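Next come the chains, spelled out residue by residue.
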Amino acid sequence: MDICRRQFGACILGAFARPVFGSPAVRPKLTVLVILEQLRADAIDSAASQLTAGGLRRLMEKGAWFPDCRHLSSTFSACGIANLATGAWPSQHGIVADSWYDREARRPVAASDEALRATTLTAQAAAEAGTRIWVVAMTRAHAALFAGTADARLYYVDDRGRFASSEEAPDWLQAYNEAKPPEAARGARWMAVNAAAEAPPLRTLTFDPACPQEFLSLYKASPFGQTAQFEFAAECVTRERLGQGGGNDFLCLIDGSAALLGYEQGGRSPLMKQMVLQLDRRLEALFGHLTRAVGENGFNLVLCAAHGAPPEPPAEARARMAVSGETIAQAIERGLKEGGRHVEKYVYPFVYLDNGRGSAVARLVAASAAMEQPAVAGYLTADGACSVHDDWKKRFRNSFHPQRSGDVMLSYRPEYVEDFGAGRGISYGSLYNYDACVPLGFYGPQFRAGLFEAPVEAVDLAPTLARAMGIAAPSSSVGRVLGEAFMV
């Protein structure tokens, strides 16, 4: 019988790890999962000299640290969150992008929990009697997508910058919002970490009464918005006495601030490095709060990210590297004209042909026409024809869902981005390592300190966390339990 190296490794690691997995005595009552919507794996290395002892460094040195965790699929925010939530790829869970074209509705539709086609870790936890679940996120859509169940309480930032609840608001929420309103950050100066007193701010959160949403955009994509999310998660621990009752509690925080800043700045800007340093301080504060609330051995804290980010194209190369989707669609249309086929819709990275689904020949013609464009690097068709035949084909196939991904999936060249007509900024969603590689860390009494350099996959988080929590893994999970992370 054939068995792949990944399966063999899982069997061996599972054998070594059985003693701790069977020991509920070491299992804390509170599990905290911090998902950074955007954090490049190498961003932490570049900020290493300025990290505190109690934040990221505590997780890296005293926890099980995997610096090379890979999303081997399209790396849109919704895809990455769904990968982590389900332990499956878009080909299974169906969230193929932040939005895709619905042939029946004849319009693009946004990713949502209703569109999810796989069980989530949160839903598995909710099935256990006495388990309480909270998800805190920048948007309700991302909170609901990660949860995948109505049994989780969702908190999210509303269009006024305040926290709202998916259910009837608890008694303390209004007072909390009044005590910490986003308006307090109007005119706030974003200073570099450890900046000299006379240093100029990196950015000022200006407020114009005529354009209030512009301030909110600045606020959400700043350390002030990031701090608000972490402080609110800590408030949930205090107010709801998480980890201090008779059952198990699960809290997930999805920090969206760096992703919002990334759309504007790209992954290598000085402001992005400062966001990593601010994240470090927020984690240090959260570690301290959890230790005071439930004790050093009373919680597990796990950190991962939904995707990374490309750098912003240089100004002199932007005309070449910022790709117009309309130009790509027109090129495909010209290639198809003789065959009587047409492009119904192009929603990056998917091409949808009209008259339902095109023939295998039409799909190859469309793919070939796209490949003639300098910005296009590769393709996969709905029939399985692919321009590459190595690990990149796996990334294509993991990203492709037969009902939602259209007729052809395209990949642009490295560090090329979508053109939004704004003259700057980047997009997410590529298959490249700058988007796909993120850090993963496990900290708590069940996990051992260690640096694990071998690549792991984003789908490994859900089954590993399920084992730590003593619950079943999500039903569609294709990841493995990272047995090497556990105490032996």
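Calculation rules
- Residues numbered from 1 in each chain as written.
- Predicted model: local features only at pLDDT ≥ 70, side-chain atom pairs only at ≥ 80, totals over all residues.
- Heavy atoms only, no water.
- Axes fitted to C-alpha atoms, helices over the stretch in contact; angles between N-to-C directions.
- Helix = DSSP H or I, 4+ residues; strand = E, 2+ residues; numbered from the N terminus.
- Parallel < 35°, antiparallel > 145°, perpendicular 65-115°, else oblique.
- Left-handed = near helix turned anticlockwise from the far one by under 90°.
- Contact = heavy atoms within 4.5 Å.
- Nonpolar A, V, L, I, M, F, W, Y, C, P; charged D, E, K, R; others polar.
- Buried < 20%, exposed > 50% of the residue type's maximum accessible area, 1.4 Å probe, protein only.
- Salt bridge = Lys/Arg side-chain N within 4 Å of Asp/Glu carboxyl O.
- Pairing = 2+ DSSP bridges.

Chemist: Go over the packing of helix α4 (residues 77–86) against helix α7 (residues 140–147) with me, naming the residues and quoting the values.
Modeler: In the contact formed by α4 and α7, the axes pass within 8 Å of each other and the chain directions differ by 30 degrees. One finds that α4 runs roughly parallel with respect to α7. In this structure, α4 crosses over α7, and the sense of that crossing is right-handed. Contact residues: α4 offers Ser 77, Ala 78, Ile 81, Leu 84 and Ala 85, while α7 offers His 142, Leu 145 and Phe 146. Per-class residue counts for the contact of α4 with α7 are six nonpolar, two polar and no charged.

Chemist: Describe α4, naming the residues involved and giving the relevant values.
Modeler: Of all 10 residues making up α4, 10 are buried, and the element is well covered by its neighbours. Restricting attention to buried positions, one finds in α4 the residues Ser 77, Ala 78, Cys 79, Gly 80, Ile 81, Ala 82, Asn 83, Leu 84, Ala 85 and Thr 86. Among the residues trailing α4, Gly 87 stands out with phi positive, at a value near 70 degrees.

Chemist: Let's hear about the pattern of salt bridges: which residues, and what values?
Modeler: All chains considered together, the criterion is met by 21 salt bridges. The residue Asp 42 makes a salt bridge to Arg 40 at a minimum N-O spacing of 3.0 Å. In this structure Arg 40 comes out as buried when scored by relative accessible area, which is 5%. Residue Glu 344 pairs with Arg 106 through a salt bridge whose shortest N-O separation is 3.3 Å. Placement of the pair is Glu 344 in strand β13 (residues 343–347) and Arg 106 in the loop between β3 (99–102) and β4 (107–110), with a sequence separation of 238 residues. Put simply, Arg 103, Arg 106, Glu 344, Arg 363, Asp 383 and Asp 407 are held in one network by salt bridges that share partners.

Chemist: So what's going on with the pairing of strand β11 (residues 299–305)? Residues and values would help.
Modeler: Of all seven residues in β11, seven are buried, a share of seventy percent or more. A two-sided burial pattern is seen for β11, the buried positions comprising Phe 299, Leu 301, Leu 303 and Ala 305 on one face and Asn 300, Val 302 and Cys 304 on the other. Of the strand pairs in this sheet, strand β1 (residues 30–36) and β11 are connected by seven bridges, and their pairing is parallel. Considered in β11, the bridge of Leu 30 is made with Phe 299. Direction of pairing for β11 relative to strand β18 (residues 437–443): antiparallel, over a ladder of three bridges.

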